Amino acid sequence: MERFKNIPLHEIVGRIVAIGEKKFRAQQIISWVYDKRVAAFDEMRNISGELKEKLKQNFLLGKLNVTTIIESKYGDAVKFGFETADGDYIIESVLLIDGDRRTICLSSQLGCGLGCVFCETGKMGLIRNLTQEEIVGQFIGVNDYLVSKGDKLITNIVFMGMGEALSNFENFLNSLAIFMHEDIYNIGGRRITVSTAGVVPSIERLLKEKLNIGLAISLNSYSNELRDQLMPINKKYPIESVMAIARRYAAESGRTVTFEYVIIDGKTNTPEALQALQKYCSGFDCKINLIPLNPFAGGNLPGPIDSSLEKFADALSRMGITATIRKSRGQDIWGACGQLAGKRISR
Ligand code: SF4
């Protein structure tokens, strides 16, 4: 039987017509599943008993089981564990709370095949892509939590959790269709960002889709020699090719491209780094987001002290490069960048 939340949005009408129902029923069912977040067809009140039976015979509907909810003591982040639809693994997602913003940091793969050395997820290797149901399911689960707290619903989305979203392109795109649809969640491209390690053909494909979403590229180093060591993908797509596609993305989408840059003291915040970043970033709309390296189990690279971070940000600003320092929300709940890892459930 087909899992309803794995059906791409544009194919739902066809599925409903195929079981002998009128087209308009599709919109009602979509509204119950996504807006009202019901867990079963029986909860759909304006749907006849006969149609409910047909739906139950043809489709599976459910929600991801929530395994853990850990709230940061600072009140600015909540980490969630969800069981995968097959029940074998835990998917981790994080809610970031900042003023009026409720941002969900979504995972898109179980593990990741790109193996960046500073990343906990990368240490797992790629287990599999998450399905559309598992990507949208994280969003639904976090909205359930927000409603239970009497809070507002998710306003912003970042694909910066486990995995490389652009390497799970179909499910990423189909999930975006649900997030962005004006009759469903209506989250515009300006409130969505996808992070990538710099897989150049995937960024080209994203450009073709003309979604106008934000692009954040994990740069993390100023030289190919060092980036090769930190991010093995650099051997395939070196910094020059990443910069060329970033310039194209900024020009064709009209969006500022963000470069995520992890500060590893003495390695990525040197005078040579400043010089190289000036060369890369001049003449196009981009900014650098400095990320203090987070500690994680097994990691042995040195994180920066606050003063050296600020010094580096100031030096970039003096060169005319917009630089921000990312507040590492949720560090106390192990939900900050590079710290998510989906564990296998032992039974
Ligand atoms: S940083 Fe991103 S691309 Fe690199 S291993 Fe981790 S999840 Fe994969």
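Residues numbered from 1 in each chain as written. Predicted model: local features only at pLDDT ≥ 70, side-chain atom pairs only at ≥ 80, totals over all residues. Heavy atoms only, no water.

Peer 1: Can you tell me about the overall build of the chain, naming the residues and giving the values?
Peer 2: Each helix and strand in the chain was counted, giving 10 helices and 14 strands. Taking 347 residues into account, the globule formula puts the C-alpha radius of gyration at 20 Å, and the chain, at 21 Å, falls close to it. Judged by the C-alpha coordinates and their principal axes, the chain covers about 70 × 40 × 35 Å. A total of 347 residues make up the chain; the buried ones form 55% of that total. A total accessible area of about 15100 Å² is found for the chain, and carbon and sulfur atoms account for 49% of it. (Helix = DSSP H or I, 4+ residues; strand = E, 2+ residues; numbered from the N terminus. Rg over C-alpha atoms; globule rule 2.2 N^0.38 Å. Buried < 20%, exposed > 50% of the residue type's maximum accessible area, 1.4 Å probe, protein only. Areas by Shrake-Rupley, 256 points an atom, 1.4 Å probe, with all protein chains shown as cover.)

Peer 1: Residues and numbers for the site of the ligand, please.
Peer 2: Close contacts around the ligand come from Cys-112, Leu-114, Gly-115, Cys-116, Cys-119, Gly-122, Gly-163, Glu-164 and Ala-197, and that covers them all. Classifying every residue of the shell around the ligand by side-chain character gives 5 nonpolar, 3 polar and 1 charged. (Near = heavy atom within 4 Å. Nonpolar A, V, L, I, M, F, W, Y, C, P; charged D, E, K, R; others polar.)

Peer 1: So, helix α6 (residues 200-209): which residues are in play, and what are the values?
Peer 2: Every buried residue of α6 is listed here: Val-200, Ser-202, Ile-203, Leu-206 and Leu-207. Viewed end-on, α6 has its buried residues packed into an arc of 160 degrees, placing them on one side of the element. Those residues of α6 hidden inside the fold are in contact with α5 (169-180), β10 (192-196), β11 (214-218) and α8 (239-253). Lys-210, located one to two residues past α6, shows a positive phi value of around 50 degrees. (Arc of directions from axis to C-beta. Contact = heavy atoms within 4.5 Å.)

Peer 1: Pulling in residues and values, what's your account of unusual backbone geometry?
Peer 2: Among all residues except glycine, the phi angle is most often negative; among peptide bonds, the trans geometry is most common. Unlike most non-glycine residues, Lys-210 shows phi in positive territory, near 50 degrees. Structurally, Lys-210 is set in the loop between α6 and β11. Exposure remark for Lys-210: the relative accessible area of 69% places this residue in the exposed category. Unusually for a residue other than glycine, Asn-212 sits at a positive phi of about 65 degrees. Along the chain, the position of Asn-212 falls in the loop between α6 and β11.

Peer 1: How would you summarise the sheet that holds strand β6 (residues 101-105) if you had to cite specific residues and measurements?
Peer 2: Each strand in a sheet pairs with its neighbour through backbone hydrogen bonds, running either in the same direction (parallel) or in the opposite one (antiparallel). A sheet is described by the order of its strands in space; here 10 strands give the open sequence β3-β4-β5-β6-β9-β10-β11-β12-β13-β14, paired in mixed fashion. Strands with a single pairing partner mark the edges of an open sheet, and in this sheet they are β3 (66-71) and β14 (322-325). Each adjacent strand pair in this sheet contributes to an overall mean axis angle of 20 degrees, direction not counted. Summarising the sheet, strand β12 (residues 257-263) and strand β13 (residues 286-292) pair through 7 bridges and their orientation is parallel. Following the sheet pairing, Val-262 is matched in β13 by Ile-291. (Pairing = 2+ DSSP bridges. Axes fitted to C-alpha atoms, helices over the stretch in contact; angles between N-to-C directions.)

Peer 1: I'd like to hear about the packing of aromatic side chains, residue by residue, with values.
Peer 2: In this structure the tally under the stated criterion is 11 aromatic pairs. Ring geometry for Phe-4 and Phe-59: centres 5.6 Å apart, planes at 90 degrees, overall edge-to-face. Of this pair, Phe-4 sits in the loop between β1 (2-3) and α1 (12-18) while Phe-59 sits in strand β2 (residues 59-60); the two residues are 55 residues apart in sequence, bridging distant segments of the chain. Phe-59 carries the same exposure label as Phe-4, and that label is buried. Between Phe-139 and Tyr-185 the ring centres are 4.5 Å apart and the planes differ by 50 degrees, which places this aromatic pair in the tilted class. With Phe-139 in helix α4 (residues 132-148) and Tyr-185 in the loop between α5 and β10, this pair connects stretches of sequence that are 46 residues apart. Neither Phe-139 nor Tyr-185 differs from the other in exposure class; each is buried. What links up through ring pairs into an aromatic cluster is the set Phe-4, Phe-41 and Phe-59. (Phe/Tyr/Trp six-rings, centres within 6.5 Å; stacked < 30°, edge-to-face > 60°.)

Peer 1: Give me the nonpolar core: which residues, what numbers.
Peer 2: Residues Phe-159, Phe-179, Phe-259 and Tyr-261 are the most contacted members of the largest nonpolar core, which totals 108 residues. If we ignore the near neighbours within four places in the chain, the residues touching Phe-179 are Leu-106, Ile-135, Val-136, Phe-139, Ile-157, Phe-159, Tyr-185, Asn-186 and Ile-187. The next biggest cluster of nonpolar side chains, apart from the first, holds 6 residues, and it includes Ala-77, Val-94, Val-158 and Met-160. (Core = buried A, V, L, I, M, F, W, Y, C linked by side-chain atoms within 4.5 Å.)

Peer 1: Give me the environment of Gly-75: which residues, what numbers.
Peer 2: Here Gly-75 is to be found in the loop between β3 and β4 (77-83). Note on Gly-75: relative accessible area 48%, which makes it partly exposed. Between the C-alpha atom of Gly-75 and that of Lys-152, which follows or precedes it by 77 residues, the distance is 15 Å.

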